[in-house]
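# Examining the three-dimensional arrangement
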Amino acid sequence: MNWNFLKTEIEPGDFLIDCRSQSAYEEETLEGAYYYPFIKKAFGSDPESQKKLYGPMMAVVQEFQKSKKTRIIVFDEGMGMFSTRMVYLLRGMGIKDAYVLGQKWPVDGKKAKGEQKIEPPIADKAKPIEGVVDKAFMERNLTKLQIFDARTMDEYEGRLPRLTAPEEGTLCGRLPGAFLWDWRNLYDGEANLIERSLFKKRLNGFPFMPERPTVIYDYNGARSCLLALMLREAGYIDVTTYQGSWFEWRKSSLPKQAVAVFGAKQGAAAAPRVGGVDRKKV
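What you see is a predicted model, and the numbers here were worked out from it, not measured in a lab.

Okay, the overall build of the protein next. In terms of helices and strands, the protein carries 8 helices and 13 strands. Here the C-alpha atoms of the protein give a radius of gyration of 19 Å, agreeing with the 19 Å that 2.2 N^0.38 yields for 282 residues. The C-alpha extent of the protein, read off along each of the three principal axes, is 55 × 45 × 35 Å. Among the 282 residues that make up the protein, the fraction classed as buried is 55%. Contacts in the protein between residues far apart in sequence, at least 24 positions, make up 79% of those at least 6 positions apart.

Here it is, written out as structure tokens:
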């Protein structure tokens with residue numbers, strides 16, 4: 001795999017973070033690996049929500065610095081949304097030697113029961129995390145941005161409010177002007193990340209320019225981070241993720257497209273704007 005944010009081997013000096021489920025972690029993990037439950041949560045982008053994300057991220061950084069280890073390796077079931085989210089945020093906090101493990105579980109290495117589950121505190125004050133924008137930024141710049149929606153077609157077209165456990169009465173839809181890049185299309189048939197050359201070829205199917213500001217969102221800000229890491233390595237200069245994503249935007253009075261209420265009778269949806277691998281399917 002030719003992605004720089006992936007590392008295929010674990011070294012003795014690595015600080016390990018397990019982003020699988022808590023039950024899987026407690027049953028068996030790599031010896032010495034930490035577990036941080038907050039990484040699976042949805043966060044808004046208001047000041048209080050920013051504290052809830054910044055505090056735990058700072059705790060991870062401080063634990064790593066205290067360990068005197070040389071780099072951070074994050075893993076889950078296999079290069080998935082939560083390991084890439086952790087790495088993206090760690091890099092935004094200034095830890096450049098943070099990588100996703102390019103293996104699928106079970107991975108090589110000595111195993112043990114997971115016993116280092118940490119619930120970090122909420123910060124008193126929050127500082128911006130590089131590469132992460134809030135709702136106010138999106139509102140100010142909405143018409144100037146290239147926007148990727150990293151959800152599924154059903155979510156994008158307003159048929160589902162979220163991919164898992166959708167609730168009746170929840171608002172479905174998308175941000176205006178967003179183009180769909182289904183997060184699942186970043187993987188091949190064996191659940192490995194596609195090669196960079198193929199990624200770039202699909203990227204050429206979108207009417208985007210690498211030098212223009214590009215924002216990615218999904219439902220809760222997790223799926224966006226993998227696409228953000230890949231875009232940066234593909235030469236996109238100004239790439240950010242929208243922390244609140246649809247989880248936050250749907251509750252606002254800001255403009256939306258393909259709006260529907262899940263469980264209610266739906267009318268005709270707005271025409272989708274897709275690119276890359278899905279363009280010929282529409």
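Let's shift gears to the side chain of Thr29. Take Thr29: it is sitting in strand β3 (residues 29–30). Taking relative accessible area as the criterion, Thr29 reaches 2% and is therefore assigned buried.

Here the focus is the domain arrangement of the protein. Considered domain by domain, the protein is made up of domain 1 (6–112) and domain 2 (132–262). Put simply, the middle of domain 1 and the middle of domain 2, counted by C-alpha atoms, are 22 Å apart. Between domain 1 and domain 2, the residue contacts involve 22 residues of the former and 26 residues of the latter. Summing the contributions of domain 1 and of domain 2, the shared interface buries around 1800 Å²; its carbon and sulfur component is 60%. For the domain 1 face of the interface with domain 2, the top three residues by lost area are Ser45, Met81 and Tyr88, together amounting to 37%.

Sheet architecture is open: 5 strands sit in the order β7-β12-β11-β8-β10, paired in parallel fashion. Only two strands of the sheet have a single neighbouring strand rather than two, namely β7 (132–133) and β10 (179–180). Both strand β8 (residues 146–149) and β10 contribute to a ladder of 2 bridges, which runs parallel. Residue pairing for β10: Asp149 is matched across the bridge by Leu180.

We now examine the packing of aromatic side chains. Tallied over the entire structure, the rule returns 18 aromatic pairs. Pairing Phe75 with Trp105 gives two aromatic rings, centres 5.7 Å apart and planes at 5°, and the pair type is stacked. Residue Phe75 is found in strand β4 (residues 71–75), and its partner Trp105 is found in the loop between β5 (98–101) and β6 (111–112); the two are separated by 30 residues along the sequence. You can call Phe75 buried: its relative accessible area is 1%. Of the residues examined, Trp105 reaches a relative accessible area of 22% and is grouped as partly exposed. Taken together through their ring pairs, the aromatic side chains of Trp3, Phe5, Phe148, Phe179, Trp181, Phe199, Phe206 and Phe208 make up a single cluster. Lying over the aromatic face of Tyr99, Lys7 brings its terminal NZ or CZ to 4.8 Å of the ring centre. Above the face of the Trp105 ring, Arg20 is positioned so that its terminal group lies 3.8 Å from the ring centre.

Here the focus is the pairing of strand β11 (residues 214–217). Side chains of β11 alternate between two faces, with Thr214 and Ile216 and Val215 and Tyr217 buried alike. Bridge count between β8 and β11: 4 bridges; the pairing is parallel. Looking across to β11, one finds that Gln146 is bridged to Thr214. Pairing geometry for β11 and strand β12 (residues 239–242), over 3 bridges, is parallel. Within β12, the position partnered with Ile216 by the bridge is Thr241. Where the polypeptide runs from β11 across helix α7 (residues 224–233) and back to β12, its parallel neighbour, the crossover connection is right-handed.

This model, assessed by the stated rule, comprises 12 salt bridges. Here the salt bridges share partners, and the residues they tie into one network are Glu11, Asp14 and Arg71.

With 12 residues, helix α3 (residues 81–92) ought to run about 16 Å at 1.5 Å a step, and its terminal C-alpha atoms sit 16 Å apart, in line with that. Every buried residue of α3 is listed here: Phe82, Ser83, Thr84, Arg85, Met86, Val87, Tyr88, Leu89, Leu90, Arg91 and Gly92. At the C-terminal side of α3, Gly94 shows a positive phi close to 100°.

Right, let's get into the packing of α3 against α7. For any two helices packed against each other, the geometry comes down to the angle between their axes and how far apart the axes lie. Relative to each other, α3 and α7 sit at 55°, their axes nearing to 8 Å. Here α7 runs oblique to α3, going by the angle between their axes. α7 is crossed by α3, and the crossing has left-handed handedness. Of the residues in α7, those touching α3 at Thr84, Arg85, Val87, Tyr88 and Arg91 are Cys225, Leu226, Ala228, Leu229 and Arg232.

Quick notes on the rules
Residues numbered from 1 in each chain as written. Predicted model: local features only at pLDDT ≥ 70, side-chain atom pairs only at ≥ 80, totals over all residues. Heavy atoms only, no water. Helix = DSSP H or I, 4+ residues; strand = E, 2+ residues; numbered from the N terminus. Rg over C-alpha atoms; globule rule 2.2 N^0.38 Å. Buried < 20%, exposed > 50% of the residue type's maximum accessible area, 1.4 Å probe, protein only. Contact = heavy atoms within 4.5 Å. Domains from an automatic or database assignment. Buried area = accessible area lost by both parts, 1.4 Å probe. Pairing = 2+ DSSP bridges. Phe/Tyr/Trp six-rings, centres within 6.5 Å; stacked < 30°, edge-to-face > 60°. Lys NZ or Arg CZ within 6 Å of the ring centre and 35° of its normal. Right-handed = clockwise from strand over helix to strand, strands pointing away. Salt bridge = Lys/Arg side-chain N within 4 Å of Asp/Glu carboxyl O. Expected span 1.5 Å × (residues − 1). Axes fitted to C-alpha atoms, helices over the stretch in contact; angles between N-to-C directions. Parallel < 35°, antiparallel > 145°, perpendicular 65-115°, else oblique. Left-handed = near helix turned anticlockwise from the far one by under 90°.

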